[in-house]
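Next come the chains, spelled out residue by residue.
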Amino acid sequence: MKREEARSVQRSFKKQIGETCQHFPSLQPWMNDTEDFPFLDSALKKQAMDTKKKKNLKKKVERKVTEMKEKQQELMEKSEDPEQSDAKHPASLRQCLGPGCVHPSRPGSKYCSDDCGMKLAADRIHVILPQRIQEWQQSPCIAEEHDKKTLECIHREQQDTLTRLKELECHFHELEAIIQRGKQQAVCEDEESNKHERNSVNLQIFCVSCGKSINMQVALRHMEHCFSKYERKSSFRALYPTCVEGATRLFCDVYDPQSKSYCKRLQVLCPEHSKDPKVPDGEVCGCPLVKNVFEPTGNFCCLPKRLCNSHCCWEKLRRAEVDLERMRILFKLEDLVEQEHKVRTAMKNRAGLLALMLHQTIQHDPLTTDLRSRADS
């Protein structure tokens, strides 16, 4: 009976303590220590231990965060004022690397001034450069020999290209003379050819530009006119005019004030700035006749130009062929000049001051002067 009464008293006492803690939360920390309250049961003891561990962990995290912030602040202060930190610690300053200089170096530099750096660089050049020049002169440079051979090839190509350009200039003047000779021929209307054209079958062909079906007799004229119409819509322009020494009638070079540029089509084929003149009634065709496609016969087409459908715009096409070949030759000359400039620049920089100071050829055998392998030699 006495034990049961003691247990009931203990239960009532625990109940009173729990109600008191609910009404007064400030008393809860005092209950976290189980040694002060040995009368609590196992569930309350476990709950009290968990709350205590959580609070200790929270305190540790807060302590580490504050330490990290303090360290970060110290690093920021050091990075902001490096001169002040060096002034506080004069022993950390390095001596200037200048020859004979005893002053401390500037922050972030190896020298106390720019003059000390220039003096050290000059001393290094005087000491190292003569030895490198001697080593360079002892063994032949293979790249130099290759560049000399390349220059010889470029010069030969330039001479051949210039010769070809002169030939095209002569061909240009010959073509103009042939055109003038053809215009001087007498008009001869061939009645048999006209009858053959009238009695020929009406064959149709599709235009390569617009796709329309047209008669075979007027196909060349229609295609030429149609191509010029579509070619006029595109533009080939540049900011500067073309100045080619010794070249006659090459590019159009008409200035457009709206785009502030120059037309870069061939002058003969430009449909925008050069129109075909009207053909008079008595003008002869004058096209030089050939056999076996390429062999000239020395005769000319004497039909009227308006009736001749076989040689439409032959003067313009012949001139354009010569001008296009001249333009290709000029582009090739420009490429050869660029190649020569690159090779000469490489030859100048190969034995320069910077190259000799940065690069070195080690000759292990002093008796061998030529360092090339057998395959290279």
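Since this is a predicted model, take the numbers as computed values, not measurements.

## Structural notes on the layout of surface pockets
- Of the pockets and cavities examined, the largest pocket occupies roughly 990 Å³.
- Taken together, 31 residues form the lining of the largest pocket, with Lys275, Asp276, Pro277, Cys313 and Lys316 sitting closest to its centre.
- Secondary structure elements with two or more residues in the lining of the largest pocket: α5 (142–183), α7 (219–231) and α8 (314–350).
- A per-element tally of the lining of the largest pocket places α7 first, with five residues.
- Class assignment for the residues of the lining of the largest pocket results in 11 nonpolar, five polar and 15 charged.
- Its volume calculated, the second largest pocket comes out at about 480 Å³.
- Around the second largest pocket sit 18 residues that line it, and His171, Leu175, Ile178, Pro288 and Arg318 are the ones nearest its centre.
- If you list the elements that add at least two residues to the lining of the second largest pocket, you get α5, β6 (288–291), β7 (295–300) and α8.
- Sort the elements by how many residues they give to the lining of the second largest pocket and α5 lands first, with six residues.
- Its residues assigned to classes, the lining of the second largest pocket comprises 10 nonpolar, three polar and five charged.

## What to know about helix α4 (residues 114–138)
- Taking 1.5 Å of rise per residue, the 25 residues of α4 would be expected to cover 36 Å, and the 36 Å separating its terminal C-alpha atoms lies within 8% of that figure.
- Largest kink in α4: about 30°, centred on Ile128, with the proline Pro130 one to four residues after it.
- Those residues of α4 lying buried are Cys116, Gly117, Leu120, Leu129 and Arg132.
- At its buried positions, α4 is contacted by α9 (353–358).

## Side note on unusual backbone geometry
- A positive phi angle, near 60°, is found at Asp253, a position not held by glycine.
- Take Asp253: it is sitting in the loop between β3 (237–238) and β4 (255–256).
- By relative accessible area, Asp253 is classed as partly exposed at 23%.
- Here Cys313, not a glycine, exhibits a phi torsion of approximately 55°, which is positive.
- Examined against the element boundaries, Cys313 turns out to sit in the loop between β7 and α8.

## Section: a nonpolar patch on the surface
- Taken together, the side chains of Leu57, Val61 and Val65 define a hydrophobic patch exposed on the protein surface, amounting to about 260 Å² of accessible area.
- Take Val65: it is sitting in helix α2 (residues 42–80).

## Overview of the confidence of the model for the chain
- Confidence in the prediction of the chain, expressed as mean pLDDT, is 77, and 76% of residues score 70 or more.
- Counting contacts from residues 23–37, a segment whose pLDDT is below 50, to residues more than four positions away or on other chains yields 13 contacts.

## Some points on the packing of aromatic side chains
- According to the stated counting rule, one finds one aromatic pair in the structure shown.
- Look at Tyr255 and Tyr262: their rings are 5.0 Å apart centre to centre, the planes differ by 50°, and that puts the pair in the tilted class.
- Taking NZ or CZ as reference, Lys264 lies 5.8 Å from the ring centre of Phe251, over its face.
- The residue whose ring lies beneath Arg326 is Phe172, and the NZ or CZ to ring-centre distance is 5.0 Å.

## Points about the sheet that holds β4
- Taken together, three strands build an open sheet; the order of strands is β3-β5-β4 and the sheet is antiparallel. Only two strands of the sheet have a single partner each, and these edge strands are β3 and β4.
- In this sheet, strand β5 (residues 261–263) lies alongside β3 in antiparallel orientation, the contact comprising two bridges. Following the sheet pairing, Ala238 is matched in β5 by Tyr262.

The rules behind the values
Starting from 1, residues in each chain are numbered consecutively following that chain's sequence as written. Side-chain atom pairs in this predicted model are given and counted only at pLDDT of 80 or more, local residue features only at pLDDT of at least 70, and totals for whole chains, interfaces and linings cover all residues. Only heavy atoms go into the side-chain values, all of them from the structure, while hydrogens and water stay out. Any residue with an atom within 4 Å of a point lines the site, the site being either a cavity, points on a 1 Å grid over the protein atoms alone where a 1.4 Å probe fits but cannot get out, or a pocket, an open set with protein on both sides within 12 Å along at least 5 of 7 lines. Grid points are joined across faces, edges and corners, and a volume is the space filled by probe spheres set on the points. Numbering goes from the N terminus for both helices and strands, where a helix is a DSSP run of H or I of at least four residues and a strand is a run of E of at least two. The residue classification treats Ala, Val, Leu, Ile, Met, Phe, Trp, Tyr, Cys and Pro as nonpolar and Asp, Glu, Lys and Arg as charged. All others, Gly included, are polar. Helices are assigned an expected span. That span is 1.5 Å times one less than the residue count. In this analysis the local bend is the angle between axes fitted, respectively, to the seven residues ending at and the seven residues starting at the residue. When accessible area is computed with a 1.4 Å probe and restricted to protein chains, residues below 20% of their type maximum are described as buried, those above 50% as exposed, and intermediate ones as partly exposed. Contacts were defined at the residue level, with two residues in contact if any of their heavy atoms lie within 4.5 Å. Within the patch definition used here, like charges are joined within 9 Å and nonpolar side chains (Val, Leu, Ile, Met, Phe, Trp, Tyr) within 5 Å, considering only residues with over 30% relative accessible area and no salt bridge. Only the protein chains shown count as cover for residues, and all accessible areas are computed by the Shrake-Rupley method using a 1.4 Å probe. Between Lys or Arg on one side and Asp or Glu on the other, a salt bridge is scored when a side-chain nitrogen of the former is within 4 Å of a carboxyl oxygen of the latter. Scored between 0 and 100, pLDDT is the confidence that the predictor attaches to each residue. A pair of aromatic rings is counted whenever rings of Phe, Tyr or Trp (Trp by its six-membered ring) have centres within 6.5 Å, and the orientation is called stacked for planes under 30 degrees apart, edge-to-face for over 60 and tilted otherwise. In this scheme, the term charge over a ring applies when either NZ of a lysine or CZ of an arginine sits within 6 Å of the ring centre and within 35 degrees of the ring normal. The pairing criterion is simple: DSSP has to find at least two bridges between the two strands.

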